[in-house]
Structure formats: C-alpha cells, structure tokens
Amino acid sequence: MDTKFSTAIHLLILVSEAEQPMSSEQIATSVGTNPSYVRKVAARLSHAGIIEGRRGRSGFALLKAPEDISMLEVYRAVEQTEKVHVFDIHQNPSDECIVGRNIRPVLGGMFRHAEQVVEDELAGATLADCMARMRERIDGNKKDTHQHDSHQHDNRQQEGNRK
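Since we're looking at a predicted model, the values are computed, not measured.

(A) Seen up close, the overall build of the protein. Counting its regular elements, the protein contains six helices and two strands. Starting at the N terminus, the α and β elements of the protein follow one another as α-α-α-β-β-α-α-α. Taken across its 163 residues, the protein has 32% of its residues classed as buried. A sequence separation of at least 24 residues applies to 62% of the contacts in the protein between residues at least 6 apart. Summing over all exposed atoms, the protein offers an accessible surface of approximately 11000 Å²; the carbon and sulfur share of this is 50%.

(B) Just the packing of aromatic side chains, in detail. Per the counting criterion, the structure on display carries two aromatic pairs. A centroid spacing of 5.5 Å and a plane angle of 80° characterise the contact between Phe5 and Tyr75, whose relative ring orientation is edge-to-face. Of the two residues, Phe5 sits in helix α1 (residues 4–17) while Tyr75 sits in helix α4 (residues 71–79), which places them 70 residues apart along the sequence. A relative accessible area of 9% means that Tyr75 is categorised as buried.

(C) Inspection of helix α2 (residues 24–31) at higher detail. Inspection of α2 places Ser24, Ile27 and Ala28 among the buried residues, and these make up the whole buried set. Seen along its axis, α2 keeps its buried residues to an arc of 100°; they face one direction. One or two steps after α2, the chain reaches Gly32, where phi turns positive at roughly 85°.

(D) Representation of the environment of Ser23 within the structure. By the element assignment, Ser23 lies in the loop between α1 and α2. Given a relative accessible area of 9%, Ser23 falls into the buried group. The sequence separation of Ser23 and Arg39 amounts to 16 residues, and the corresponding C-alpha distance is 9.4 Å. Excluding residues that lie within four positions of it along the chain, Ser23 makes contacts with Ser58 and Gly59.

(E) Here's a closer look at the nonpolar core. Of all hydrophobic cores here, the largest spans 32 residues; its most connected members are Leu11, Leu45, Met71 and Val74. In terms of residue count, the dominant contributor to this core is α1 (eight residues).

(F) Region of interest: the packing of α1 against α4. The contact between α1 and α4 brings their axes to 9 Å, and the two run at 120°. Compared by their axis directions, α1 and α4 come out oblique. Along this stretch, α1 crosses α4, giving a crossing that reads as right-handed. The residues of α4 that touch α1, namely those facing Lys4, Phe5, Ala8, Ile9 and Leu12, are Met71, Val74, Tyr75, Val78 and Glu79. Here the contact of α1 with α4 is built from residues that sort into eight nonpolar, no polar and two charged.

The rules behind the values
Residues numbered from 1 in each chain as written. Predicted model: local features only at pLDDT ≥ 70, side-chain atom pairs only at ≥ 80, totals over all residues. Heavy atoms only, no water. Helix = DSSP H or I, 4+ residues; strand = E, 2+ residues; numbered from the N terminus. Buried < 20%, exposed > 50% of the residue type's maximum accessible area, 1.4 Å probe, protein only. Contact = heavy atoms within 4.5 Å. Areas by Shrake-Rupley, 256 points an atom, 1.4 Å probe, with all protein chains shown as cover. Phe/Tyr/Trp six-rings, centres within 6.5 Å; stacked < 30°, edge-to-face > 60°. Arc of directions from axis to C-beta. Core = buried A, V, L, I, M, F, W, Y, C linked by side-chain atoms within 4.5 Å. Axes fitted to C-alpha atoms, helices over the stretch in contact; angles between N-to-C directions. Parallel < 35°, antiparallel > 145°, perpendicular 65-115°, else oblique. Left-handed = near helix turned anticlockwise from the far one by under 90°. Nonpolar A, V, L, I, M, F, W, Y, C, P; charged D, E, K, R; others polar.

What follows is the structure in structure tokens.
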C-alpha cells in the first residue's frame, strides 16, 4: 500500500509544530524513510499550495493554518487525483463465467460507494483535528506514565512500611 498520504500528514504535523524549520533529513528520520522520499511528498504539497520550501534556509513552512487544510486536500495533493481511490478490481474476469460477467459492475458500485464515504470523512477532517488527536494521545500517555510512576512510588512506600 502506498504511504504518501500518511507521510504527508506526518510531515505537515512536524512542520506545523516545530519551533525551528525542519529539513527533509530530520523529517525522514521521524517518518522512518529517506530524505528523497520526503522531498518528493513535500514537492507535491508545495505544488498544491499547502507548504513552501524556505528560500535560503533548510526546511518547510505551512502556507495555510492547520484548521484550513482538509485531509482530502492533502490526499488529492499527494495522490495527484481528484477522486479518492482505495480499491481496484481485477481486469480480466472471464465473460464465459456467470460471476466473471457480473463481478465488475457489482464490485464497482460497492467500491464507489465506500470511496465516497472515505472522501466525505477526509473532507470533514483537518490537519488541526489530527494535531488535536495527537495532543490528546500524548497527554493521555503522560497521565498514564505519571499514574504508573505514582503507583510505583506508593508500592515502594508500602513495602518500606512493611519492613
């Protein structure tokens, strides 16, 4: 499966949240890919008017506020298509088989409907929404860690009282 879309979201969150401009090398390290792939994705985002490379300096900048960048816009930019495309249908079913004759229109309608649902979901979600979910997750992990540390402290204290 292609990863340009998830890479693009990762890149956009990093660019939005970074205190200093991030280079393609730094972004690649976070994404777990190579800098040339990051530059390829960034070029598509730049062409769509979502980010820009900083002239004379390493790094990228958002051209829009995160709440003004829909996930559908990001998808269209990196996939270079207007329509969400998730499913493919095998190309050469046999017309001599009853299933082969009918599978393409049956699956085609079902797949188009599912892709429309995905498109609608992406249109209703923004980069800011992704960032908020990430912050919630980070804050939740901090609370879990704090609760875990506090629980360990209580256990150590109880053990000390038993001695």
